[in-house]
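In case you want the letters, here they are:
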Amino acid sequence: MFESYDFVVIGAGIAGAVVAERLAQSGGFSILVLEASCSAGGLLRSDRDHLTGIKYPIYGSRALYSDDETVIKYLMNFGSFVPYEHRVRARINDRNFVVPINLETINQALGTSFDAEEAKAFVKDDIESSAITQGTLEEAAVTSIGRSLYEMFVRGFLTKQLGADPAILSDDAFNARFPIRFDNEDRFVPAAKWQMLPKNGFDDLIDQLLASSRIDVRFDVGADTFATAKRLSRIGVVHSGSVDALFNQQFGPLEYGENIVCWKHSKPADVQHFPVVTYPDFETPYFRTHAPAYLPNSMADPKAEKILVGYEMSANAAIPDFLSGCPAYRYRYLAKSLENKRRHAVYTSLVSEMSGVYALGRHMIPSPNIGASVGIALETVERIRHSV
């Protein structure tokens, strides 16, 4: 450990790790990474299950997809990857539906036999006859898929995931997360040229990114991390934490919600047979479940007597009795209230005016996918190198 470094990076998630690696290896700078938790990885952290032996993503399954060849070629320097086309199902009344919504979903849900043009006409009519709350997540949803499909597949899911009804939440990135298709394509991101998973998990990938001798990492750092980073950096600070911390919450603190993922072993016959299943009804306390044994990089024993399943729910929800005592992992997300969106925009607009400070990551741009996060991190490094 040194007394000072060329750059200090706050956060050891994928974005922070990429910036640290590029500045160290291509720029020759000394780097300190400050991480609030006990290990690197952020929301991509994994753990080893003692019973099944598989490595599982403690905050739930995520996939890497991208159309950016630069991103993929860069990441392939740090590990092997396996092909994976992400598919998700919604579970309603013991029936599985394809999501994002496609033609099969529409006909199965409505009991119809529409062709593509008939389905488009139905959704168009449904949109035009729907009353909506302007400027909200509800408006973004209903004007995209109609009231009927929104009530079946989206409203309950988002209410449980985000802790409030979409009618009072901001409209960030709805169409990217909940597209509607009028064919039977069931892949989550069919247009992405590259879709894959790291063979040894995302946490191993991030460890490889941080393996340079020019990078030091400190875990379990305390409060006031930005002040520490400024004191220890000679050239600049790269911040992937909450953006309001850069301004001492001058315009008020940003609001964060909190979800948890509880993990439990179950018999294969009793659980889903997809890596991810959503639960858009209001009665089920969890909004999504994860079965990493069905991921191609899990190396799970197909004859195992137990499968590990993660139940994702609001931290404010009552934990079902069958999950009592199970390991639970908490994560925060930027709250989607209209006031929080306004306040976040104020803070992010000010970041570009700061000298020697560069902000990125999911706190700066809510809900970026992994490929996009890596791309933004690489662009940030180029911007830094041209400014110093």
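Structure: above.
To keep things clear, this report deals only with the structure shown in the data block. Since the model is a prediction, treat every value here as computed from it, not as a measurement.

1. Points about the overall build of the protein chain
Helix and strand counts for the protein chain stand at 12 helices and 17 strands. The dimensions of the protein chain, computed from C-alpha atoms along their principal axes, are 65 × 50 × 40 Å. Looking at the 388 residues of the protein chain, the share that counts as buried comes to 53%. Residue pairs in contact within the protein chain that sit at least 24 positions apart in sequence constitute 72% of those at least 6 positions apart. Total accessible area computed for the protein chain in this model is approximately 17700 Å², and 49% of it derives from carbon and sulfur atoms. Distance from the positive charge centre (39 side chains) to the negative charge centre (47 side chains) of the protein chain: 4 Å.

2. Notes on the pattern of salt bridges
Scanning the entire structure with this criterion turns up 20 salt bridges. Of the charged contacts, one joins Glu85 and Arg187 as a salt bridge, the two residues approaching to 3.2 Å between their closest N and O atoms. Note that Glu85 is positioned in the loop between strand E6 (81–83) and strand E7 (88–92) and Arg187 in the loop between helix H8 (174–177) and strand E9 (194–198), a separation of 102 residues in sequence. Several salt bridges share partner residues, and in doing so they unite Glu85, Arg87, Arg89, Glu185, Asp186 and Arg187 into one network.

3. Some remarks on the sheet that holds strand E5 (residues 64–66)
With respect to topology, three strands assemble into an open sheet ordered E5-E9-E6, the strand pairing being antiparallel. Edge positions in the sheet fall to E5 and E6, since each has one partner strand and no second. The sheet shows a mean angle of 40° between the axes of neighbouring strands, taken without regard to direction. Pairing of E5 with E9 involves three bridges; the strand directions are antiparallel. Looking at E9, one finds that Ser66 is bridged to Trp194.

4. With respect to the sheet that holds strand E1 (residues 5–10)
If you walk across this open sheet you meet the five strands as E10-E2-E1-E11-E17, and the pairing is parallel. Single-partner strands in this sheet number two, and they are strand E10 (215–218) and strand E17 (357–359). For this sheet, the mean inter-axis angle between neighbouring strands, taken without regard to orientation, is 20°. Two elements, strand E11 (residues 233–239) and E17, share three bridges in a ladder whose sense is parallel. The residue of E17 that forms the bridge with Val238 is Tyr358.

5. Side note on the nonpolar core
Grouped together as the largest cluster of nonpolar side chains are 45 residues, with contacts concentrated most on Leu23, Ile31 and Leu210. Apart from the residues lying within four places of it in its own chain, the contact partners of Leu210 are Ala12, Ala17, Ala20, Val33, Ala40, Ile215 and Val217.

6. Comments concerning the packing of aromatic side chains
Throughout the structure, instances matching the rule amount to 14 aromatic pairs. Between Phe7 and Phe29 the ring centres are 5.1 Å apart and the planes differ by 80°, which places this aromatic pair in the edge-to-face class. With Phe7 in strand E1 and Phe29 in the loop between helix H1 (14–25) and strand E2 (31–34), the pair connects residues that are 22 residues apart, well separated along the chain. Across the pair, exposure class does not vary: Phe7 and Phe29 are buried alike. Members of the aromatic cluster, each reached through a chain of ring pairs, are Tyr279, Tyr286, Tyr311 and Phe322. Geometry around Tyr256 places Arg332 over its ring, the cationic atom sitting 3.9 Å from the centre.

7. Let's talk about the environment of Val374
Looking at the secondary structure, you find Val374 in helix H12 (residues 370–387). Sequence spacing of Val374 and Gly156 is 218 residues, and the spatial spacing of their C-alpha atoms is 31 Å. When neighbours within four sequence positions are excluded, Val374 is seen to be in contact with Ile14, Val18, Val71, Tyr74 and Leu75.

Rules used throughout
- Residues numbered from 1 in each chain as written.
- Predicted model: local features only at pLDDT ≥ 70, side-chain atom pairs only at ≥ 80, totals over all residues.
- Heavy atoms only, no water.
- Helix = DSSP H or I, 4+ residues; strand = E, 2+ residues; numbered from the N terminus.
- Buried < 20%, exposed > 50% of the residue type's maximum accessible area, 1.4 Å probe, protein only.
- Contact = heavy atoms within 4.5 Å.
- Areas by Shrake-Rupley, 256 points an atom, 1.4 Å probe, with all protein chains shown as cover.
- Lys, Arg positive; Asp, Glu negative; His and termini not counted.
- Charge placed at Lys NZ, Arg CZ, Asp CG, Glu CD.
- Salt bridge = Lys/Arg side-chain N within 4 Å of Asp/Glu carboxyl O.
- Pairing = 2+ DSSP bridges.
- Axes fitted to C-alpha atoms, helices over the stretch in contact; angles between N-to-C directions.
- Core = buried A, V, L, I, M, F, W, Y, C linked by side-chain atoms within 4.5 Å.
- Phe/Tyr/Trp six-rings, centres within 6.5 Å; stacked < 30°, edge-to-face > 60°.
- Lys NZ or Arg CZ within 6 Å of the ring centre and 35° of its normal.

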